[in-house]
Amino acid sequence: MQLGTLYGISVGTGDPELITVKGLRYLQQADVVAFPAGIKGKAGMAEQIIAPWVQNQQATLALDFPYVQDNVTLTQAWEKAAERVWRVLQQGKTVAFACEGDVSFYSTFTYLAQTLHQHHPQVKIEIVPGVSSPAAATALLGIPLTVQKQRLVILPALYTVHDLERALDWAEVVVLLKVASVYDQIWPILQKRGVLERSWVVERVTWPEQQIYADLQNSPTLKLSYFSILIIHVQP
Ligand SMILES: C[S@@+](CC[C@H](N)C(=O)[O-])C[C@H]1O[C@@H](n2cnc3c(N)ncnc32)[C@H](O)[C@@H]1O
């Protein structure tokens, strides 16, 4: 029997209409639609985003990816998820894995695909690109992400606060992901640099409850959701 294909599908940042035409076609043609399992019994982000598109006859597969930094636990989860996907592909069925934002941009899919490839290199994996959070946030703000010769640095802030000063020295535009839990540490650095006026936090961009915090001069602390992004125009 021919093996099924695994598709990694970018589903955009929240608004279900941000999925691409190709992504939607692959998603709806798949035998099985997979996504990261939510926590505490709630549907995960990708699962919520694709809810309007999944067909009644499609099977779903919620895969567990724990929110921890411990490599052993993470590797075990990727192995288990890859094994579950493999069992479906072995039956000749296709699997579409829905990924919030863009699939190649700080995404769990990368680890799933790598693990599957390691154990079963014969499996065909196809990736559909999509709308990432920096693209969605700048569109909402009505500002360009970059123009002309501007240099852009993107940092996953949770792990890289120590790199921020260097990024501000070097780039004209700095984007911080995973900023929620370190926002209070970052604010004094932005204040010292005089860039708070040209900084924006966008929370849950393209969701109905999306929130923009512009001009952060009076916001030394913010209680933010994990799904928050900070954009800094370093130069006026
Ligand atoms: C694991 S990364 C996933 C990035 C995602 N693949 C993308 O293309 O944007 C999670 C981080 O992306 C950012 N992010 C993802 N979706 C977002 C949204 N809807 N609104 C604001 N930030 C978002 C946040 O900084 C969050 O902490």
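Right above here is the structure, for reference.
Residues numbered from 1 in each chain as written. Predicted model: local features only at pLDDT ≥ 70, side-chain atom pairs only at ≥ 80, totals over all residues. Heavy atoms only, no water.

Asks: For the sheet that holds strand E7 (residues 173-177), give the residues involved together with the corresponding values.
Replies: Read from one edge to the other, the open sheet built from five strands follows the order E6-E7-E10-E8-E9, with strand pairing classed as mixed. Either end of the sheet is taken by a strand with one partner, and the two such strands are strand E6 (152-156) and strand E9 (211-214). Neighbour-to-neighbour, the strand axes of this sheet turn through a mean angle of 15°, independent of strand direction. Relative to E7, E6 runs parallel, the two sharing five bridges. Paired with Ile154 across the two strands is Val175, which belongs to E7. Sitting on the sheet, helix H5 (residues 133-141) touches E6, E7, strand E8 (199-203), E9 and strand E10 (228-233), and the angle it makes with E10 is about 65°. (Pairing = 2+ DSSP bridges. Helix = DSSP H or I, 4+ residues; strand = E, 2+ residues; numbered from the N terminus. Axes fitted to C-alpha atoms, helices over the stretch in contact; angles between N-to-C directions. Contact = heavy atoms within 4.5 Å.)

Asks: Can you explain the side chain of Arg198? Please cite residues and give values.
Replies: Mapped onto the elements of the fold, Arg198 is located in the loop between helix H8 (183-193) and E8. Here Arg198 occupies a buried position and makes no salt bridge, while the nearest side chain of opposite charge, Glu197, is found at 5.1 Å. Among residues more than four places away in sequence, those in contact with Arg198 are Ile231, Ile232, His233, Val234, Gln235 and Pro236. (Buried < 20%, exposed > 50% of the residue type's maximum accessible area, 1.4 Å probe, protein only. Lys, Arg positive; Asp, Glu negative; His and termini not counted. Salt bridge = Lys/Arg side-chain N within 4 Å of Asp/Glu carboxyl O.)

Asks: Account for H5, naming residues and giving values.
Replies: Of all the positions in H5, only Pro134, Ala136, Ala137, Thr138 and Leu141 are classed as buried. In the core, the buried residues of H5 are packed alongside E6, E7, E8, E9 and E10. Phi turns positive one or two residues past the end of H5, at Gly142, with a value near 70°.

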